[in-house]
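# Examination of the molecular architecture
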Amino acid sequence: MTRLDVAPEASEGPVECDGPRALVVEAREVPLGGVRAMEVHRTLPHRALPMVGAWCFLDRFGPQETLMRVEPHPHIGLQTVTWPIIGEVRHRDAVGSDVVVRPGALNLMTSGEGIAHSEYSVGDEAIPLDALQLWVALPESRRHGAPAFERHEDLPVLDLGDGADAVVVMGELGTVTSPATVHTPIVGAELRLPAGVRVRIPLRPDWEHALYGMIGTADVETGMDAVDADAARRSSPALKDGGVASVDGSRLLYLGTGRDHVDVVSVDGARVFLLGGEPFEADIVMWWNFVGRSHDEIVEAREAWEARAPRFGEVVDHGPERIPAPPLPAVRLTPRRRR
């Protein structure tokens, strides 16, 4: 998935993420790759929360009826995690993959030093479409390596009791580990919560975690008032909730570190995505579709894409069509750090 907002998001200095938190990030609408007819909402990155573990990007496209046509575009330094909710999307890339992305199956693309791919909805007419697109930043040990793609249709499930369970999409949750290739300690899981059941989700205290509502609404017992990540831009400086915060398709709740569990309940039933992991090893510089460590790396990648360098390869079954890189901002790109 390509992103179109290009302004750097940085702060004056790093802020420690140690300890429990309850930070609410409201989704914001963004254009997608120039296809402005598509409705896309983004919760990560945010100025107050650039990452959760190695997770550095979370978009949701949908629910809507649309014709999706995202032409070939590049990536460096990341993994794309595509998790459909409704609809089918055809993925093609420069390592020869040509697959249809469907609900229940994980499609995982590792860019390494560079890859290009495209995404089209199936058919020539608008279709119902809803999916999560997440990025995982690659560590130093893998970000300069070769590109790769993998697909997993039989993902393991963790029983949470009383009819609740979790599909472990990436990494590990409790005693269950996904077969997907990961390069940092991480978790990505879809929690399926039946109506009216209080569910305890196991967490690792040394990891940071967040919850995002996919379907329905769930109440999360945070044990503290939840702070609005955009409080400085709003009239109310905090969300006074008495230790309970709600998540749905419009918001992400960051929980920080230091928790060994969190309790969640949904009155009508819900599906919630859990993301988390070990705090990432480095600050990242993230611009357009690139995740690097410095301004100069980003400039080099942009120039290579514009020059049609072999670094990104050619997307299977595509002609010369591609998404051009936007202009760089008139300032040096700086690392994303929490405010």
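What comes next is a walk through the structure. (Residues numbered from 1 in each chain as written. Predicted model: local features only at pLDDT ≥ 70, side-chain atom pairs only at ≥ 80, totals over all residues. Heavy atoms only, no water.)

## Let's talk about the overall build of the protein
The line we're drawing: Helix numbers and strand numbers start at the N terminus; a helix is a DSSP run of H or I with at least 4 residues, a strand a run of E with at least 2. Throughout, a contact is declared for two residues whenever any of their heavy atoms are within 4.5 Å. Calculation of accessible area relied on Shrake-Rupley with a 1.4 Å probe; when residues are assessed, cover is drawn exclusively from the protein chains displayed.
Counting its secondary structure elements, the protein contains one helix and 26 strands. Considering only intrachain contacts with a sequence separation of at least 6, the fraction spanning at least 24 residues in the protein is 76%. Split by element, the accessible area of the protein, about 13,200 Å² in all, is 51% carbon and sulfur.

## Here we look at the pairing of strand E13 (residues 157–161)
Keep this limit in mind: Only protein chains enter the accessibility calculation, which uses a 1.4 Å probe; a residue is then buried when its area is under 20% of its type maximum, exposed when over 50%, and partly exposed in between. Strand pairing is assigned whenever DSSP detects at least two bridges linking the two strands.
Burial of the side chains of E13 is restricted to one face: Leu158 and Leu160 are buried, whereas none of Val157, Asp159 and Gly161 on the reverse face is. As paired elements, E13 and strand E14 (residues 164–173) share four bridges and run antiparallel to each other. Bridge pairing in E14 places Leu158 opposite Ala166.

## Digging into the sheet that holds strand E5 (residues 69–75)
Pairing between sheet strands relies on hydrogen bonds along the backbone, with the strands arranged either parallel or antiparallel. Heads up, the condition is: Helix axes are fitted only over the stretch in contact, all axes being lines through C-alpha atoms; the angle between N-to-C directions runs from 0 to 180 degrees.
Judged by pairing direction, the sheet is antiparallel, and its four strands sit side by side in the order E5-E10-E7-E8 without closing on themselves. The open sheet has two edge strands with one neighbour each: E5 and strand E8 (98–101). Recorded for the sheet is a direction-independent mean angle of 20° between the axes of neighbouring strands. With five bridges connecting them, strand E7 (residues 89–93) and strand E10 (residues 115–121) associate as antiparallel partners. Residue pairing in the sheet places Val89 in a bridge with Ser121 of E10.

## A few points about the sheet that holds strand E4 (residues 55–66)
Spatial ordering of the open sheet is given by E2-E3-E4-E11-E6-E9-E12, a layout of seven strands whose pairing is antiparallel. Only two strands of the sheet have a single partner each, and these edge strands are strand E2 (28–30) and strand E12 (148–152). The average angle at which neighbouring strand axes cross in this sheet is 25°, direction not considered. By the bridge criterion, nine bridges tie E4 to strand E11 (residues 127–137) in an arrangement that is antiparallel. Note on E11: the bridge partner recorded for Leu58 is Leu134.

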